[in-house]
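# Geometric and topological summary
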Amino acid sequence: MKYYLAFFSLLSFCIIVTHASQPHEDFLQCLSHNISNTTILAELTYTRNDSSFMSVMNSNIQNLRFSFPSTPKPLVIVTPSNASHVQASVYCSKIHGLEIRTRSGGHDFEGLSYVSEVPFVIIDLRNLSSINVNVDEKTAWVEAGATIGEVYYRIAEKSRNLGFPAGFCPTVGVGGHFSGGGYGPLVRKYGLAADNIIDAYIVNVDGKILDRESMGEDLFWAIRGGGAASFGIVLAWKIRLVPVPSTVTTFIVNRDLGQNETMKLVNKWQYIADKLDDDLVILIRFSTVNSTQNNKVILQAQFLSLFLGGVDNLLSLMEKSFPEFGLKREDCNEMSWIESVSYFAGFPIGAEMENLLNRTQQWLFSFKGKLDYVKKTIPENVLKTMLEKLYEEDVGVGFFQLFPYGGKMNEISESEIPFSHRAGNLYKILYYAQWVQKPGDDDGSINWPRSVYNYMTPYVSKSPRSAYVNYRDLDLGKNNDKGPTSYTQASIWGRKYFGKDNFKRLVHVKTKVDPQNFFRNEQSIPPLPLPLPSQ
């Protein structure tokens with residue numbers, strides 16, 4: 001995978017004068033001057049007048065809250081098939097005053113990769129999805145339109161003893177996932193996806209394609225965890241592959257929370273989950289289920305685990321570190337690492353690995369999620385009250401997920417990349433609701449995770465109350481639709497995502513590489529026209 005590191009020659013059209021009356025017509029005419037093959041241009045672009053516009057628009061919408069006719073739509077969708085198409089799209093959007101939303105997998109929690117209240121163009125990277133794995137170097141070049149599932153599959157094609165520390169959901173696009181951090185079952189062993197990125201190609205505001213060397217270390221730092229959409233359009237990532245054993249062991253064990261011993265297990269988990277062997281991760285998902293005994297709705301804790309080794313070693317480790325759990329051999333399944341990827345994605349044991357190549361989710365819902373980081377163990381009575389709030393979600397389905405940190409996450413400095421949530425965090429909590437929605441009826445379900453989040457305020461991280469940019473949350477604040485956003489205003493949400501010092505550095509980088517704030521969205525990093533404050 002190679003991109004030419006030079007300014008894209010826009011033929012002789014430095015300024016294009018047209019008599020088109022609509023912004024999208026100006027934009028398309030500009031593209032026609034810079035993509036000379038009219039057949040290719042027609043295949044790449046979709047306007048609202050095209051019969052296939054809505055099918056292309058909706059094909060990558062993973063949150064159905066943003067799939068209704070009332071949702072703001074782009075003027076044009078561009079589906080580039082090579083780097084020059086991206087460069088032309090940036091150039092033409094810039095000179096005709098259209099904002100860009102860049103979409104790879106469409107999983108943005110608030111739809112910011114494909115929704116905006118201002119006139120905009122979507123650059124949909126679905127056609128830029130090639131993956132080149134180099135087993136000898138233990139690296140891979142991954143185009144930004146690829147999905148996590150495709151990355152996992154292509155690595156396993158070449159080696160069953162190499163993997164990559166990214167997320168659980170195979171349909172997530174790597175463009176956003178990598179640029180925001182990206183965590184999954186290997187995070188305690190190898191850190192985030194962004195911690196394992198060693199190069200990238202990005203189209204900047206001037207239409208140039210830059211690699212790590214030509215973009216400089218400041219910009220390379222910013223796009224690995226700071227959200228690349230604030231700085232340009234990433235074309236491809238070079239990732240460092242990590243070793244995985246031939247055999248890993250998984251378990252998924254459900255426990256009824258009506259039993260006191262289960263609550264004691266949850267409480268013990270708080271104290272040990274971040275201190276377990278780096279090869280072991282145990283997360284907990286809480287939800288309501290229908291009891292098979294009395295047909296009542298009950299609370300259930302689901303313990304999910306990946307261990308990088310065989311079952312005998314896992315049983316020995318659990319007996320030493322978490323004997324109260326009472327893990328049994330029959331609870332466990334030995335498999336390859338790639339099979340564990342499929343298993344945690346929801347496919348049954350023995351399912352075809354080609355399922356990971358499917359870019360479409362099996363089920364789609366409307367959803368709202370909020371996230372907290374926990375630095376001190378939460379009192380057991382508070383946990384009980386939090387869990388009982390699952391009964392209050394009566395519109396759709398709610399769950400809480402507790403994911404432990406520790407291990408490698410404690411070893412990496414909070415300033416190594418913009419993702420700052422490192423040592424000192426025991427675990428994070430995701431409050432999540434999903435439901436089948438009709439237009440205008442989502443207030444109840446959206447407000448449920450908000451109410452739980454509000455209840456948990458005294459028991460989670462403070463000053464700032466931390467958040468994760470890949471779990472985008474517009475409740476934290478957003479930029480102005482018109483006019484500049486002040487540093488103080490953006491700091492309200494920016495410090496929560498990145499911490500004070502990292503956010504300040506991101507603003508420095510933005511001011512240097514995109515001072516006119518061309519690459520922007522409702523929560524993009526703003527530039528400053530004035531020197532940054534000293535504090």
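Counting restarts for each chain: residues are numbered from 1 in the order of the written sequence. At least 70 in pLDDT is required for a residue's local features to be given in this predicted model, at least 80 for side-chain atom pairs to be given and counted, and no such filter applies to totals for whole chains, interfaces and linings, which use all residues. To obtain the side-chain values, all non-hydrogen atoms of the structure were included, while hydrogens and water were left out.

Which entries qualify depends on this criterion: UniProt positions are given in the numbering used here, feature names are shortened, and annotations may be inferred rather than shown by experiment.
Going by an unreviewed UniProt entry, the chain carries the name FAD-binding PCMH-type domain-containing protein and comes from Cannabis sativa. Listed in UniProt under the heading Sequence similarities (unreviewed entry), the comment for the chain reads: "Belongs to the oxygen-dependent FAD-linked oxidoreductase family."

## Here we look at the overall build of the chain
Basically, it comes down to this: Numbering of helices and strands runs from the N terminus; a helix is a DSSP stretch of H or I covering at least four residues, while a strand is a stretch of E covering at least two. Values of the radius of gyration come from C-alpha atoms, whereas the globule rule sets the reference at 2.2 Å times the count of residues to the power 0.38. Think of it in three bands: with a 1.4 Å probe and only protein chains considered, a residue is buried below 20% of the maximum accessible area for its type, exposed above 50%, and partly exposed in between. In what follows, residue pairs with any heavy atoms lying within 4.5 Å of each other are defined as contacts. Using the Shrake-Rupley algorithm and a 1.4 Å probe, accessible areas are obtained, with residue cover drawn only from the displayed protein chains. Residues counted as positive are Lys and Arg, residues counted as negative are Asp and Glu, and His and the chain ends are not counted. Positions of charges follow a simple convention, taking NZ of Lys, CZ of Arg, CG of Asp or CD of Glu.
Of regular secondary structure, the chain possesses 17 helices and 18 strands. Taken over the C-alpha trace, the chain has a radius of gyration of 23 Å; the compact-globule value for 535 residues is 24 Å, and the two agree within 12%. In terms of principal-axis extent, the alpha carbons of the chain reach across some 75 × 50 × 50 Å. Counting across all 535 residues of the chain, residues that qualify as buried make up 59%. Within the chain, contacts between residues separated by at least 24 positions form 73% of all contacts whose residues are at least 6 apart in sequence. For the chain, the exposed surface amounts to about 22100 Å²; the carbon and sulfur share of it is 49%. With 53 positive and 54 negative side-chain charges, the chain shows a spacing of 5 Å between the two charge centroids.

## Regarding the packing of aromatic side chains
Quick reminder of the rule: Working definition: a ring pair exists when centres of Phe, Tyr or Trp rings (six-membered ring for Trp) sit within 6.5 Å. Plane angles under 30 degrees give stacked, over 60 give edge-to-face, the rest tilted. Look at NZ for Lys and CZ for Arg. If either is within 6 Å of the ring centre and within 35 degrees of the ring normal, a charge sits over the ring.
Per the stated rule, a full pass over the model turns up 32 aromatic pairs. On the numbers, 5.3 Å between centres and 85° between planes, the contact of Y152 with W337 is edge-to-face. Pair noted here: Y152 is in helix α5 (residues 148–158) and W337 is in helix α12 (residues 337–344), with a separation of 185 residues, a long-range link. An angle of 50° between the planes, with centres 5.4 Å apart, marks the rings of F164 and F178 as tilted. One end of the pair, F164, is in the loop between β7 (162–163) and α6 (174–180); the other, F178, is in helix α6, with 14 residues separating them in the sequence. Cluster of aromatic residues (ring-pair linked, three or more members): F109, F168, Y183, Y343, F344, F367, F399, F403, F419, Y432, Y468 and Y471. Between R255 and the ring centre of F325, over which it is positioned, the NZ or CZ distance is 4.6 Å.

## Digging into the packing of helix α16 (residues 487–498) against helix α17 (residues 500–513)
Put simply, the rule is: Think of each axis as a best-fit line through the C-alpha atoms, taken over the contacting stretch in the case of a helix, with angles from 0 to 180 degrees between the N-to-C directions. Every angle not falling under 35 degrees, over 145, or within 65 to 115 is termed oblique; those three ranges are roughly parallel, roughly antiparallel and roughly perpendicular. Two helices crossing with the near one rotated counterclockwise from the far one by less than a right angle form a left-handed crossing, whereas a clockwise rotation gives a right-handed crossing. Note that Gly is not counted as nonpolar here; it falls among the polar residues with everything else outside the nonpolar set of Ala, Val, Leu, Ile, Met, Phe, Trp, Tyr, Cys and Pro and the charged set of Asp, Glu, Lys and Arg.
α17 packs onto α16 with a crossing angle of 125° between their chain directions and a minimal axis gap of 8 Å. Relative to α17, the element α16 lies oblique. For the pair α16 and α17, the sense of crossing is right-handed. Taking contact as the criterion, the partners of Y487, A490, S491, G494, R495 and F498 in α16 are, on α17, K500, N502, F503, K504, L506 and V507. Taken together, the residues of the contact of α16 with α17 break down into six nonpolar, three polar and three charged.

## A word on the pattern of salt bridges
A side chain with one charge may pair with a side chain of the opposite charge, provided their charged atoms come close. Formally: Take a side-chain nitrogen of Lys or Arg and a carboxyl oxygen of Asp or Glu: if they are within 4 Å of each other, that pair is a salt bridge.
Inspection of the entire model under this criterion finds 27 salt bridges. A salt bridge links E157 to R154; its shortest N-O distance comes to 3.1 Å. Of this pair, E157 and R154 both sit in helix α5, three residues apart, which is roughly one turn of the helix. A residue is classified by how much of its surface remains accessible, and R154, at 29% relative accessible area, is partly exposed. In this structure, K408 and E411 form a salt bridge, with 3.8 Å as the shortest nitrogen-oxygen distance. Linking K408 with E411, this pair stays in helix α14 (residues 408–411), spanning three residues, or about one helical turn.

## Brief notes about the domain arrangement of the chain
Selection criterion: Each domain span listed reflects an automatic or database assignment of domains. When two parts are brought into contact, each loses some accessible area as probed by a 1.4 Å sphere; the total of that loss over both is the buried area. Pairs of N or O atoms are called polar contacts if they sit within 3.5 Å, as long as, within protein, a hydrogen donor faces a hydrogen acceptor (for residues adjacent in sequence, only side-chain-to-side-chain pairs).
Domain boundaries in the chain define domain 1 (23–124), domain 2 (131–243) and domain 3 (248–334 + 368–456). Each side of the interface is counted separately: domain 2 has 19 residues, and domain 3 has 28 residues. In total, domain 2 and domain 3 occlude about 1800 Å² of area from one another, counting both sides; carbon and sulfur atoms represent 64% of this. For the domain 2 face of the interface with domain 3, the top three residues by lost area are Y183, R188 and W221, together amounting to 43%. Where domain 2 touches domain 3, the interface holds two salt bridges. Measuring nitrogen to oxygen at the nearest pair gives 2.7 Å for the salt bridge that ties D195 to R422. Linking domain 2 with domain 3 are ten residue pairs in polar contact (both at pLDDT 80 or more), by the criterion used here.

## Section: the sheet that holds strand β16 (residues 366–374)
What counts, and what does not: Paired strands are those between which DSSP finds at least two bridges.
Read across the open sheet, the seven strands follow the order β15-β12-β14-β13-β17-β18-β16; overall the sheet is antiparallel. Of all the strands in the sheet, just β15 (332–335) and β16 have a single pairing partner and so form its edges. Across the sheet, the axes of successive neighbouring strands diverge by a mean angle of 15°, strand direction being ignored. Bridging between strand β17 (residues 397–404) and strand β18 (residues 427–435) involves eight bridges; their strand directions are antiparallel. Within β18, the position partnered with Q401 by the bridge is L430. Docked against the sheet, helix α10 (residues 260–272) engages β12 (248–256), β13 (280–290), β14 (297–307), β17 and β18, running at close to 145° with respect to β13.

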